[in-house]
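Overview (structure and organization)
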Amino acid sequence: MIRLARVSSASFKSSRPALVDLLRNRIVLASRARALSTAGAPGSIPEGDGIDGPLISDKGLQAIEATSSLKNEPRWRYHRGVPDLRQELPTYVRDLGKPVLADPLVNKGTAFLWSERERFHLRGLLPARMVTMEEQTAKVLEEYREGAWDKAARDPNDEMVSAGLTPDNIRKWEYLTGIQGQNETLYYRVLMDNFAEMASVVYTPTVGWACLNFSRMFRVARGMYFSSRDKGHMVSIAYNWPSHEVDAIVVTDGSRILGLGDLGMNGMGISIGKLDLYVAAAGFHPARVLPCVIDVGTNNPKLRKDKSYLGLNQPRIEGDEYLQVVDEFVAAVKARWPNVLIQFEDFRTEYAYKLLERYRYDHLCFNDDIQGTAATALAGIYAGLAAIGKPYSDIRHMRFVVCGAGSAGMGVIQWLCKAMEKHGADHDEAARNFWILDADGLLTEARVSSVDKLTQRFARPAADGEMADGAGVEEVVTKVRPDVLLGLSGAGRIWSPKTIEALAEGTERPLIFPMSNPSHKSECSAEDAAKYAKGRGIFASGSPFEDAAFDGKVLPSNQSNNLYVFPGLALGAKLCQATLVTDGMIMAASEALAACNRPEDLAKGRIYPGLSDVRSISARVAAAVMKQAHLEGVATRKEAIAAIEKDLRAFGDDTEQDGDARDSEEGEDDMKTFLYKYVLNEMYFPVYTPLAYVPRGVLE
Ligand SMILES: NC(=O)C1=CN([C@@H]2O[C@H](COP(=O)(O)OP(=O)(O)OC[C@H]3O[C@@H](n4cnc5c(N)ncnc54)[C@H](O)[C@@H]3O)[C@@H](O)[C@H]2O)C=CC1
Ligand SMILES: CC(=O)C(=O)O
Ligand SMILES: [Mg+2]
């Protein structure tokens, strides 16, 4: 261990000017940091990393003083055994920020001290926790000797592995991530061209495993890590990001990652995964998207005990203090990138709505779990209606049993109500089409005061159809005979064979939507849905399942996941530089998505379009979103407005009408609309471009 000492003024005077500068810088920084930590930013600099004094030992100082000329010093020296005087000599670093992390000869990864992070503009570019080289070494050896990840990927006690996630998926995730770290053009090209095959690796379910193991697998830092320790500094930290141009941010606080609960800082994996889809599925430029996490601690006891966890080891901060941190984050990124679009991802329900209401009327943002999921589910219901030969307007007569009253469940329910109202149902009539179950079973007026205002409207009368408050899903389905059974509970296989049988007894073509993620949190499997609904159900799950079969007939497994909406919604909003994301734009996204289906696919029970041409889906969604943004007066980018108006003159604004799935020929025509082509043309396409050397200071 190096013994740290304050530099005496005598030794200062005796050193040469360059050296004095070097040391003075450190001292200035150290005293500034001390001043900050006593001036309203408590805890922003953790103790014990040497910041209290210049990071130089007596021996080191003597060694530097003995150096005849810094100018003539070779940049790289041989550091021999311990304790060698020369070990104390600094390695010269000629960059600041990300290039320091990208230089394997100077990078220390998570072992950078806070003082170094400050000096080299690295704050925000690494997870909050500092580790020692000994800890890093132990991790390397564990992997080297035992193949730790591979072991984890085969661990029968791992919740995802035991539920069927294969080591092969994890191997593929790791391999692709390696390519991403080296060559993003190649990575996105491969992903884009093979999206249908790879979505389950870079996204759900494998991304869930990647989040669970994010700290353990951490190698190359991507994106920005803000933490509650950065209070008072976030705007400066935002300037540590190397690009002046960021179009979109996906941010999570890690509090509810998929259906896996509080994963703290490890939630960064979901921000990265979602933005991979921005690039591959919607043509955002990879250099212009920024994954972020706001680390406010974690209440997950397993993570708090995990030595490899790289987030803050503290309970989550809550209430006003929490909201101030998120406010500061939003203000910081908006200060640096005023036009940026922010996608809120996987915030737990308690804050998801609060934050959305806080920002949605002033900032270009949306909550994917509330709004993206809602738009996706409605599109599936519309397509389901079309598949059984009914018009969209029949939605107002459909009966829904929904398991899950969190941000996702309530977002979907409200949205379906909105669609019912659009088709003529009044407000109360629409609410009566829903039977909501949460962890305590059927919600009735008996416990209306214990749920939030949004949910209260849907509480059933106290003695509803002889069902008591808290009735289970099997009983509710048996008594209600719904048309649709929807799951957004994150609770796993809660729909028993009897529940599905009861559903199928009540309706000829039930819609079965177990939308929870990842796969093992799905309320039922495709196989069980096929078997117990006797092949009559239309199935759509949040994470992908293989197609099922019944009586020799293939039953498609659709994927009802917000991946169908958020890339196109964000792209549309961004291309026309909308000032806000309005409900109208989200409704336009729903309808455009529903209209992507072709009648021949609907006839087979395929109610979401195939993902092999995902860019075409995103372009259609984006075009509809842009039109709506313009009609509502929130689009501001002149070039995009000109394209929208040209399109409106040629095709009008009735893009997707009641029950009209796209038929093949009409679909082809529609695809040739000016706006659709405009959107496609604006997308980033991963190809190798010619490269030109531009010296520093030129073109900046
Ligand atoms: N397919 C998709 O595109 C999306 C799926 N989701 C999934 O939805 C799930 C829920 O997300 P949030 O609403 O944010 O979570 P949440 O934790 O806020 O809500 C879960 C809800 O389910 C209820 N619940 C728990 N156990 C239940 C049971 N046995 N029966 C009925 N209800 C039960 C809870 O009381 C709560 O109301 C997650 O698994 C998530 O992955 C979320 C967003 C998009
Ligand atoms: C898909 C998604 O956003 C979720 O499960 O949270
Ligand atoms: Mg989500």
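Residues numbered from 1 in each chain as written. Chains lettered and ligands numbered in written order. Predicted model: local features only at pLDDT ≥ 70, side-chain atom pairs only at ≥ 80, totals over all residues. Heavy atoms only, no water.

On to the coordination of the magnesium ion (ligand 3). For a metal bound by four donors in a tetrahedral arrangement, the ideal donor-metal-donor angle is 109.5 degrees, while six donors in an octahedral arrangement ideally sit at 90 or 180 degrees. The protein atoms that coordinate the magnesium ion (ligand 3) are Glu345 (OE), Asp346 (OD) and Asp369 (OD), at distances of 2.0 Å. Donor residues for the magnesium ion (ligand 3), ordered by position in the chain, follow E-D-x22-D. Each member of the pair, Glu345 together with Asp346, is buried. (Donors = N, O, S within 2.8 Å, 3.2 Å for Na, K, Ca; no water. Buried < 20%, exposed > 50% of the residue type's maximum accessible area, 1.4 Å probe, protein only.)

So, about the sheet that holds strand β10 (residues 511–514). Across the sheet, 7 strands lie side by side as β8-β7-β6-β9-β10-β11-β14; this open sheet has mixed pairing. Both edges of this open sheet fall to β8 (441–442) and β14 (557–559), since each of them pairs with a single strand only. Inspection of the sheet shows strand β9 (residues 484–487) paired to β10 by 4 bridges, in the parallel sense. Along β10, the bridge assignment pairs Leu486 with Phe513. (Pairing = 2+ DSSP bridges. Helix = DSSP H or I, 4+ residues; strand = E, 2+ residues; numbered from the N terminus.)

Turning to the packing of helix α15 (residues 268–282) against helix α26 (residues 566–575), a few remarks are in order. Relative placement of two packed helices is described by the angle separating their axes and the distance separating the axes. Between α15 and α26, the shortest axis-to-axis distance is 9 Å and the interhelical angle comes to 70°. Taken together, the axes of α15 and α26 are roughly perpendicular relative to one another. Counted together, Lys274, Leu277, Tyr278, Ala281 and Ala282 of α15 and Phe566, Pro567, Gly568, Ala570 and Leu571 of α26 form the full contact between these two elements. Of the residues in the contact of α15 with α26, the class split is 8 nonpolar, 1 polar and 1 charged. (Axes fitted to C-alpha atoms, helices over the stretch in contact; angles between N-to-C directions. Parallel < 35°, antiparallel > 145°, perpendicular 65-115°, else oblique. Contact = heavy atoms within 4.5 Å. Nonpolar A, V, L, I, M, F, W, Y, C, P; charged D, E, K, R; others polar.)

Per-residue confidence for the protein gives a mean pLDDT of 87; residues scoring 70 or more make up 84%. Scored below 50 in pLDDT, residues 656–667 shows 31 contacts in the model against residues more than four places distant or in partner chains. Model confidence for the complex is summarised by a pTM of 0.89, with the ipTM given as 0.99. (pLDDT = per-residue confidence, 0-100.)

Taken together, 27 residues are adjacent to ligand 1, and Arg256, Thr349, Ser407, Ala439 and Asn562 come closest. At 2.7 Å, a side-chain N or O of Arg256 approaches an oxygen atom of ligand 1. In this structure, Ser407 approaches ligand 1 through a side-chain N or O atom, which is 2.8 Å from an oxygen atom. At the level of elements, α19 (368–387), α20 (407–422) and β7 (434–438) are the ones that each hand at least two residues to the shell around ligand 1. Residue composition of the shell around ligand 1, grouped by class: 10 nonpolar, 14 polar and 3 charged. (Near = heavy atom within 4 Å. Polar contact = N/O pair within 3.5 Å; in protein donor to acceptor, adjacent residues only side chain to side chain.)

So, on to helix α23 (residues 473–480). Within the sequence span of α23, burial applies to Val473, Val476, Val477 and Val480. One side of α23 carries all its buried residues, which in axial view fall inside an arc of 95°. Buried-residue contacts for α23 involve β6 (400–403), β7, β8, β9 and α24 (497–506). Remark: Arg481 follows α23 within two positions and exhibits a positive phi of approximately 55°. (Arc of directions from axis to C-beta.)

Before going further, it helps to examine the pattern of salt bridges. For the structure on display, the rule yields 40 salt bridges. The salt bridge partner of Arg256 is Asp369, with a shortest N-O separation of 3.1 Å. With Arg256 in the loop between β2 (248–252) and α15 and Asp369 in helix α19, this pair connects stretches of sequence that are 113 residues apart. You can call Asp369 buried: its relative accessible area is 6%. The salt bridge partner of Glu600 is Arg598, with a shortest N-O separation of 3.8 Å. Residue classification places Arg598 among the partly exposed residues on the basis of a relative accessible area of 31%. (Salt bridge = Lys/Arg side-chain N within 4 Å of Asp/Glu carboxyl O.)

Contacts to ligand 2 come from Tyr203, Arg256, Leu258, Lys274, Glu345, Asp346, Asp368, Asp369, Asn517, Asn561 and Asn562. Asn517 has a polar side-chain atom sitting 2.7 Å from an oxygen atom of ligand 2. For ligand 2, whose unbound accessible area comes to 210 Å², protein coverage reaches 92%. Taken together, the residues that form the shell around ligand 2 break down as 2 nonpolar, 3 polar and 6 charged. (Areas by Shrake-Rupley, 256 points an atom, 1.4 Å probe, with all protein chains shown as cover.)

This part is about the layout of surface pockets. The calculated volume of the second largest pocket comes to roughly 1,100 Å³. Every residue lining the second largest pocket is counted, 42 residues in all, and those nearest its centre are Pro544, Phe545, Asp547, Ser557 and Gln559. Elements that contribute at least two residues to the lining of the second largest pocket include exactly α11 (195–202), α25 (526–532), β14 and α29 (614–631). In terms of residue class, the lining of the second largest pocket is built from 18 nonpolar, 15 polar and 9 charged. Residues lining the lining of the second largest pocket come from more than one domain, with at least three contributed by each of domain 2 (371–376 + 400–417 + 428–560) and domain 3 (565–651 + 672–682). (1 Å grid on protein atoms, 1.4 Å probe; cavity = no way out; pocket = protein on both sides within 12 Å on 5 of 7 lines; lining within 4 Å. Points joined across faces, edges and corners; volume = space filled by probe spheres on them. Domains from an automatic or database assignment.)

In this section: the packing of aromatic side chains. Under the defined criterion, the tally for this structure stands at 15 aromatic pairs. Aromatic pair Phe218 and Tyr225: ring centres 6.4 Å apart, planes at 75°, arrangement edge-to-face. With respect to class, Phe218 is no different from Tyr225; both count as buried. Ring geometry for Tyr322 versus Tyr351: centroids 4.1 Å apart, planes at 35°, classification tilted. With Tyr322 in helix α17 (residues 319–336) and Tyr351 in helix α18 (residues 349–359), the pair connects residues that are 29 residues apart, well separated along the chain. (Phe/Tyr/Trp six-rings, centres within 6.5 Å; stacked < 30°, edge-to-face > 60°.)

Here the focus is the sheet that holds β2. Spatial strand order, β1-β3-β2-β4-β5: 5 strands in an open sheet with parallel pairing. Looking at strand neighbours, the two that pair on one side only are β1 (224–227) and β5 (365–367), the edges of this open sheet. Neighbour-to-neighbour, the strand axes of the sheet open up by a mean angle of 20°, direction not taken into account. Where β2 meets strand β3 (residues 289–295), 5 bridges bridge the pair, whose relative direction is parallel. Residue pairing across strands places Val251 opposite Cys292, the latter belonging to β3. Those strands touched by α15 are β1, β2, β3, β4 (341–344) and β5, and its axis lies near 165° from that of β3.

Our focus in this paragraph is the side chain of Thr507. Inspection of the secondary structure assignment puts Thr507 in the loop between α24 and β10. Given a relative accessible area of 15%, Thr507 falls into the buried group. Sequence-distant contacts of Thr507, that is, excluding residues within four places in its chain, are made with Pro482, Asp483 and Arg536.

We now examine unusual backbone geometry. A cis amide bond, omega 10°, links Thr204 with the succeeding residue Pro205. Following the sequence through the fold, Pro205 ends up in the loop between α11 and α12 (206–212). Following Asn517, the chain continues to Pro518 via a peptide bond in cis, the omega torsion being -15°. Looking at where Pro518 falls in the secondary structure, it is placed in the loop between β10 and α25. Phi is positive for His121, close to 60°, though the residue is something other than glycine. Structurally, His121 is set in the loop between α5 (114–119) and α6 (133–146). Classification of His121 by relative accessible area gives partly exposed; the value is 36%. Here the phi dihedral of Arg481 falls at roughly 55°; this positive angle occurs in a residue that is not glycine. Tracing the backbone through its elements, the reader meets Arg481 in the loop between α23 and β9. Arg481 gets classed as partly exposed once you look at its relative accessible area, which sits at 29%.

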